[in-house]
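# Structural features, examined
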There are 2 protein chains.
Amino acid sequence: MALKPNDHDFKPRYVDMLFLSTSALTVSGLATVAMERLSSSQIVVTTLLMLVGGEVFVSMLGVFCRTSKPSVAELTVSRVNSVRTIELETIDSISTVDRIESGTDISVKDSSQSSLKYLGLVILAYWVFFHVAGFIACLVYVSIISSSKEVLRGKGINLGLFAFATTVSSFANGGLIATNENMLIFAKNSGLLLFVVVLVLAGNTLFPLFLRGSIWTFRRFTKNEDIECMLKSPKEIGFDHLLTNLGTFFRSSTVLGMIAFMIMLFCSMDWRHPVFAGLNSYQKVVNALFMAVNARHAGENSVDCSLISPAVLLLIIFMMYLPSSATFMPLKEDEEKKYVSEKENRSGTATVLKMLLLPQVLAIILFVIVACIIERRRLVLDPLNFSTLTVIFEVVSAYGNVGLSTGYACSRLQKLHPEMSCVDQPYSFSGWWSDEGKLLLVVVMLYGRLKAFSQRNGKAWTLRG
Amino acid sequence: MALKPNDHDFKPRYVDMLFLSTSALTVSGLATVAMERLSSSQIVVTTLLMLVGGEVFVSMLGVFCRTSKPSVAELTVSRVNSVRTIELETIDSISTVDRIESGTDISVKDSSQSSLKYLGLVILAYWVFFHVAGFIACLVYVSIISSSKEVLRGKGINLGLFAFATTVSSFANGGLIATNENMLIFAKNSGLLLFVVVLVLAGNTLFPLFLRGSIWTFRRFTKNEDIECMLKSPKEIGFDHLLTNLGTFFRSSTVLGMIAFMIMLFCSMDWRHPVFAGLNSYQKVVNALFMAVNARHAGENSVDCSLISPAVLLLIIFMMYLPSSATFMPLKEDEEKKYVSEKENRSGTATVLKMLLLPQVLAIILFVIVACIIERRRLVLDPLNFSTLTVIFEVVSAYGNVGLSTGYACSRLQKLHPEMSCVDQPYSFSGWWSDEGKLLLVVVMLYGRLKAFSQRNGKAWTLRG
Ligand SMILES: [K+]
Ligand SMILES: [K+]
């Protein structure tokens, strides 16, 4: 799509370029080519695609679109409202626009309009800050710490380009890193891993928490009523990442709780296993933290996923499957209470798992079945690499736009077929799939990303207990 | 629990007997001992446990309990009602009793009471008919068809006992068959397989359809108003398997549609594969039908599940996971419409998948993770038998009380470890699990069965699209 080969030695196939572009734009991070074979300009293009596809950037664009054209928006809104008064009884599609405007009079409309402007500015500042600070910190780190510097020198990767690509990719939760081994080659550089962890959290799952923090900071400098109003009744703004205090608390504690649980399970299951070979205790915990944070959305890996024990792999599949808005919260505090059925309110259910779980199970099962049909020969011939679990892992990873992959190991093939020749390749497991399988994953990545967008428009998925 | 060893050669361990009793009582059908090693009296006890645990029997008991003690029931009801008038605003637990009584006056109460009696009689006749007819048909079949007769003679199994156990087990959807190979040894006896298919459908998934048919037949002989009333407004009876015409239609077409889909996929994926080796085209289709019907609840197998291709295995897992009440239906026709949230009604969603899908996903993932933790050593040592997929398969099979199992093959172990000695055993995969693993499955089976009961008490799980 956007990427043409620059290097004359390297002629990637069209399907691989399509796959990589989709993967970058949907911030999935699966790759069917070795990253180091890409030219610098291809890396830049890929990085820009991730920049554009990242959650913070997309939501910022949404806010600016709504502030820059107030007249048109209002026009639409008034038309929508007049239509809605007629159809109110039958249709109730709560779009973002509706949510700001319905039940509010003109004065509130103006106030929320100016709140929106402030919000846009805050997000822009937030976005610029993390990119600039991230780039500088990353550049300084790889320039100072000799081990990482030498790795990059040895690979002939420009330090600046690496810092830029890594910062953007981590903040956008894209997961594509300019090295063949992703972050696995930096498994011992705990500093770099922790720095990436912060960027990853800031760019997606903990964005609501950090955003609220930023707005508080912003308020200190400019005493403004709109900001007060924004903090007190975030519902009127209709911005998905701006929640009430309590909402932010529940969202964030869900994120942190899952990370803690995953670290515990990972460390207790794999402490002495090959997956952590060569690391000291501190590095093991940092790597477990890195994987726990990346399993939710970013998909960078500092360990070999195929060596992780099955119990942890299953947990990772579950975490990849959860959308970033998944929240465990008591029912009554939920600002989207109106979506919860009457029955439930009455039956006094104490807790509700608010997540996008349900009809999506069906979609994933279908995708996996189709993938198994497409790759049926390999599933029989090479069951250690093409086990059904790895196929499920890859499909869920594409679906959740995460990009973790169990990879492919020739050693596993040759355990069963010692006579077959095979050369290991430093790309995702999907790189070994047939073209039809790759195209299926392209569809799954797009579907997964679109699902996230459709979800944004006020539809709440509730897990009823 | 109920089973003590009779045969002096055979001293089963306590955990295996606990497992078998639970498996029979919850009509799961997993077994950790070879069935032919059980004595006749043990087979009888197991069969009686399945008889008692079967869906039709349990629901019949429910009806008779409600009819036999009208005075006590009414007393309870009136007390419940007086309490409810106070607590109406806060508590709304719609139990079966509440459902009959609330919103109906005394006269309707009497009428529904006498309808209940008729219903109980119809179900009793239905239940007796299928057992007697099934037993006779099965006995005649194995006595006449020489191939099946010789198999049983060779194994020293009494023909009458086999016919009795097979009939009860199939009708109760228990899945335990007195032969080591389950129905695999009868794969070429299409007549027997088709006969079992009818029993299995009559005893669970198509019970609502057959019940309605029986009531219609019953009406021909006795012109009674209560029966008319029962057929017209089945809601007032509050019996889960008595649905409206439309409800019956949707429930049954869901069942038949899934069977048809599964047969199509199975035949197209595995037509020339070892799983169907030695069968002619007609037998292949009959075996596919048999597996499709048994994947929903009964869990008898006429082919080796470990040879089924992954795509079909995934579909089987999905079908095992679905409760027997799963129904695809348009929203408006649903008689449990009140459970569906207001929001959904308003948003004009056309279709709703009505199934128990949601919080159960979480339970299953947790169970599988625990199973993987318990069996972690075997998962590493013997990945072809203990692949994560087979563990998932076993857990879902126990959870759905289905009882299909991929089994265990020494040939797969010895592919990777030719030096290890190993003797194949004719029981479920779970028979190879550790004691802790077996106990976990006992818990899962009980949980799965209780889930089905709790679900019966008017809680509707809805898949929101
Ligand atoms: K990603
Ligand atoms: K069963």
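Residues numbered from 1 in each chain as written. Chains lettered and ligands numbered in written order. Predicted model: local features only at pLDDT ≥ 70, side-chain atom pairs only at ≥ 80, totals over all residues. Heavy atoms only, no water.

## Some thoughts on the overall build of chain A
Helix and strand counts for chain A come out as 20 helices and two strands. Looking at chain A residue by residue over its 465 residues, the buried ones come to 58%. Across chain A, the fraction of contacts at a sequence separation of at least 24, relative to all contacts at a separation of at least 6, is 75%. For chain A, the exposed area adds up to about 18700 Å²; of that, 64% sits on carbon and sulfur atoms. (Helix = DSSP H or I, 4+ residues; strand = E, 2+ residues; numbered from the N terminus. Buried < 20%, exposed > 50% of the residue type's maximum accessible area, 1.4 Å probe, protein only. Contact = heavy atoms within 4.5 Å. Areas by Shrake-Rupley, 256 points an atom, 1.4 Å probe, with all protein chains shown as cover.)

## A few points about the side chain of B:Lys284
All names here are of chain B. Inspection of the secondary structure puts Lys 284 in helix 13 (residues 281–298). Buried charge Lys 284 goes without a salt bridge, the closest partner of opposite sign being Asp 270 at 10 Å. Not counting the four nearest positions on each side in its chain, Lys 284 is found in contact with Trp 271, Phe 276 and Leu 279. (Lys, Arg positive; Asp, Glu negative; His and termini not counted. Salt bridge = Lys/Arg side-chain N within 4 Å of Asp/Glu carboxyl O.)

## Considering the side chain of B:Arg212
All names here are of chain B. By secondary structure assignment, the location of Arg 212 is in helix 10 (residues 207–221). Using a relative accessible area of 4% as the deciding quantity, one classes Arg 212 as buried. Beyond its immediate sequence surroundings of up to four residues, Arg 212 is in contact with Leu 231, Leu 242, Leu 243, Thr 244, Asn 245 and Thr 248.

## So, the coordination of the potassium ion (ligand 2)
All names here are of chain B. For the potassium ion (ligand 2), the full set of protein donor atoms is Val 27 (O), Ser 28 (O), Asn 173 (O), Gly 174 (O), His 297 (O), Ala 298 (O), Asn 401 (O) and Val 402 (O), and the range of their distances to it is 2.6 to 3.2 Å. Ordering the donors of the potassium ion (ligand 2) by residue number gives the pattern V-S-x144-N-G-x122-H-A-x102-N-V. Highlighted residues: Val 27 in the loop between helix 1 (14–25) and helix 2 (40–53) and Asn 401 in the loop between helix 18 (388–399) and helix 19 (410–416), separated in sequence by 374 residues. Each of the two residues, Val 27 as well as Asn 401, counts as buried. (Donors = N, O, S within 2.8 Å, 3.2 Å for Na, K, Ca; no water.)

## Focus on the pattern of salt bridges
Residues and elements named next belong to chain A. Overall, the coordinates contain twelve salt bridges over all chains when judged by the stated rule. Close ionic contact of Arg 13 with Asp 435 constitutes a salt bridge, the shortest N to O distance being 2.4 Å. In this pair, Arg 13 is assigned in the segment before helix 1 (14–25) and Asp 435 in helix 20 (residues 435–456), connecting sequence segments 422 residues apart. On the basis of relative accessible area, Arg 13 is assigned to the partly exposed category, the value being 42%. In this structure, Glu 55 and Arg 449 form a salt bridge, with 3.6 Å as the shortest nitrogen-oxygen distance. Here the residue Glu 55 occupies a position in helix 3 (residues 55–68), and Arg 449 occupies one in helix 20, the gap between them amounting to 394 residues. Overall, Arg 449 belongs to the buried group, its relative accessible area being 7%.

## Here we look at the packing of helix 13 of chain B against helix 14 (residues 310–321) of chain B
All names here are of chain B. Contact geometry for helix 13 and helix 14: axes closest at 7 Å, N-to-C directions at 40°. Compared by their axis directions, helix 13 and helix 14 come out oblique. Across the interface between the two elements, Ala 292, Ala 295 and Arg 296 of helix 13 pack against Ile 316, Met 319 and Met 320 of helix 14. Grouping the constituent residues of the contact of helix 13 with helix 14 by class yields five nonpolar, no polar and one charged. (Axes fitted to C-alpha atoms, helices over the stretch in contact; angles between N-to-C directions. Parallel < 35°, antiparallel > 145°, perpendicular 65-115°, else oblique. Nonpolar A, V, L, I, M, F, W, Y, C, P; charged D, E, K, R; others polar.)

## A word on the packing of helix 9 (residues 190–203) of chain B against helix 13 of chain B
Residues and elements named next belong to chain B. Orientation of helix 9 relative to helix 13, taken along the N-to-C sense of each, is 25°, at an axis distance of 10 Å. Here helix 9 lies roughly parallel to helix 13, going by the angle between them. Both helix 9 and helix 13 take part in a crossing whose hand is left-handed. Between helix 9 and helix 13, the residues in contact are Ser 190, Leu 193, Leu 194, Val 196, Val 197, Val 200 and Leu 201 and Tyr 282, Gln 283, Val 286, Asn 287, Leu 289, Phe 290, Val 293, Asn 294 and Ala 298, respectively. (Left-handed = near helix turned anticlockwise from the far one by under 90°.)

## Side note on the packing of aromatic side chains
Taken as a whole and assessed by the stated rule, the structure comprises 34 aromatic pairs over all chains. Aromatic pair B:Phe249 and B:Phe250: ring centres 5.5 Å apart, planes at 65°, arrangement edge-to-face. Judged by relative accessible area, which is 15%, B:Phe250 ranks as buried. The interplanar angle of 15° and the centroid separation of 3.9 Å between the aromatic rings of B:Tyr408 and B:Trp432 together place this pair among those described as stacked. Note that B:Tyr408 is positioned in the loop between helix 18 and helix 19 and B:Trp432 in the loop between helix 19 and helix 20 (435–456), a separation of 24 residues in sequence. Judged by relative accessible area, which is 12%, B:Tyr408 ranks as buried. Ring pairing ties together the aromatic residues A:Tyr126, A:Phe129, A:Phe130, A:Phe171, A:Phe207 and A:Phe210, which thus form one cluster. Between A:Arg212 and the ring centre of A:Trp216, over which it is positioned, the NZ or CZ distance is 5.9 Å. (Phe/Tyr/Trp six-rings, centres within 6.5 Å; stacked < 30°, edge-to-face > 60°. Lys NZ or Arg CZ within 6 Å of the ring centre and 35° of its normal.)

## Looking at helix 11 (residues 225–232) of chain A
Residue and element names in this part refer to chain A. Buried residues of helix 11: Asp 226, Ile 227, Met 230 and Leu 231, and no others. For helix 11, the arc enclosing every buried residue in end-on projection is 135°, short of the 170-degree limit, so these residues lie on one face. Helix 11 presents Glu 225 and Lys 232 as exposed residues on the side facing more than 90 degrees away from its buried surface. (Arc of directions from axis to C-beta.)

## Details of the confidence of the model for chain A
Residues and elements named next belong to chain A. On average, residues of chain A score 77 in pLDDT, and 78% of them reach the 70 mark or higher. pLDDT under 50 marks residues 1–7. Its contacts with residues more than four places away, or in other chains, come to 18 contacts. In this model residues 456–465 is a low-confidence stretch, pLDDT under 50, and it forms 48 contacts with partners more than four residues away in sequence or in other chains. We note a pTM of 0.81 for the whole complex and an ipTM of 0.78 for its interfaces. (pLDDT = per-residue confidence, 0-100.)

## Overview of a nonpolar patch on the surface
Residues A:Leu121, A:Leu124, A:Val128, A:Val132, A:Ile136, A:Val140, A:Ile144 and A:Ile145 make up a contiguous nonpolar surface patch of about 650 Å² in total accessible area. Considering the arrangement of structural elements, one finds A:Leu124 in helix 6 (residues 106–144). (Patch = residues over 30% accessible without salt bridge, like charges linked within 9 Å, V, L, I, M, F, W, Y side chains within 5 Å.)

## So, the coordination of the potassium ion (ligand 1)
Residue and element names in this part refer to chain A. The protein atoms donating to the potassium ion (ligand 1) are Val 27 (O), Ser 28 (O), Asn 173 (O), Gly 174 (O), His 297 (O), Ala 298 (O), Asn 401 (O) and Val 402 (O), with metal-donor distances spanning 2.7 to 3.2 Å. Looking at Gly 174, the relative accessible area reads 0%, which means it is buried. The exposure class of Val 402 is buried, given its relative accessible area of 0%.

## With respect to the nonpolar core
Counting 243 residues, the largest nonpolar core has A:Leu119, A:Phe266, B:Leu119 and B:Phe266 as the members making the most contacts within it. A:Leu119 has contacts with A:Val63, A:Leu211, A:Ile215, A:Met230, A:Ile237, A:Phe239 and A:Leu242, leaving out every residue within four places of it along the chain. Of all hydrophobic cores here, the second largest spans 14 residues; its members include B:Ala24, B:Val33, B:Met35 and B:Ile43. (Core = buried A, V, L, I, M, F, W, Y, C linked by side-chain atoms within 4.5 Å.)

## Some details on the state of the cysteines
Throughout the structure, instances matching the rule amount to two disulfides over all chains. With its sulfur 1.7 Å from that of its partner, A:Cys410 forms a disulfide with A:Cys422. Across the S-S bond of A:Cys410 and A:Cys422 the torsion is about -70°, and the bridge reads as left-handed. Here A:Cys410, found in helix 19 (residues 410–416), pairs with A:Cys422, found in the loop between helix 19 and helix 20; they are twelve residues apart in sequence, far enough to count as distant. Considering cysteine sulfurs only, B:Cys305 is the nearest to A:Cys372, which forms no disulfide, with 16 Å between them. B:Cys267 provides the cysteine sulfur closest to B:Cys305, a residue in no disulfide bond, and the two sulfurs are 15 Å apart. On the accessibility criterion, B:Cys305 (1% relative accessible area) is buried. (Disulfide = S-S within 2.5 Å.)

## Regarding helix 14 (residues 310–321) of chain A
Think of an α-helix as 3.6 residues a turn; residues three or four steps apart then line up on the same face. For helix 14 of chain A, with twelve residues, the first-to-last C-alpha span of 16 Å sits near the 16 Å given by 1.5 Å per residue. Most of helix 14 of chain A sits out of view: twelve of its twelve residues are buried. (Expected span 1.5 Å × (residues − 1).)

## Considerations on unusual backbone geometry
Residues and elements named next belong to chain A. The backbone of Asn 182 sits at a positive phi, close to 55°, despite the residue not being glycine. Inspection of the secondary structure assignment puts Asn 182 in the loop between helix 8 (159–171) and helix 9 (190–203). The exposure class assigned to Asn 182 is buried, which follows from its relative accessible area of 12%.

## Thoughts on the environment of B:Trp127
Residues and elements named next belong to chain B. With respect to the secondary-structure elements, Trp 127 resides in helix 6 (residues 106–144). In the structure, Trp 127 is positioned 76 residues away from Gly 203 in sequence and 8.5 Å away in space, judged by C-alpha atoms. Setting aside chain neighbours within four positions, we find Trp 127 in contact with Leu 51, Val 56, Phe 57, Met 60 and Phe 171.

## Quick look at the environment of B:Asn280
Residue and element names in this part refer to chain B. Following the sequence through the fold, Asn 280 ends up in the loop between helix 12 (245–270) and helix 13. Given a relative accessible area of 41%, Asn 280 falls into the partly exposed group. The spatial distance from the C-alpha of Asn 280 to the C-alpha of Lys 188 is 8.8 Å, given a sequence separation of 92 residues. A polar side-chain atom of Asn 280 sits 2.8 Å from the main-chain amide nitrogen of Gln 283. (Polar contact = N/O pair within 3.5 Å; in protein donor to acceptor, adjacent residues only side chain to side chain.)

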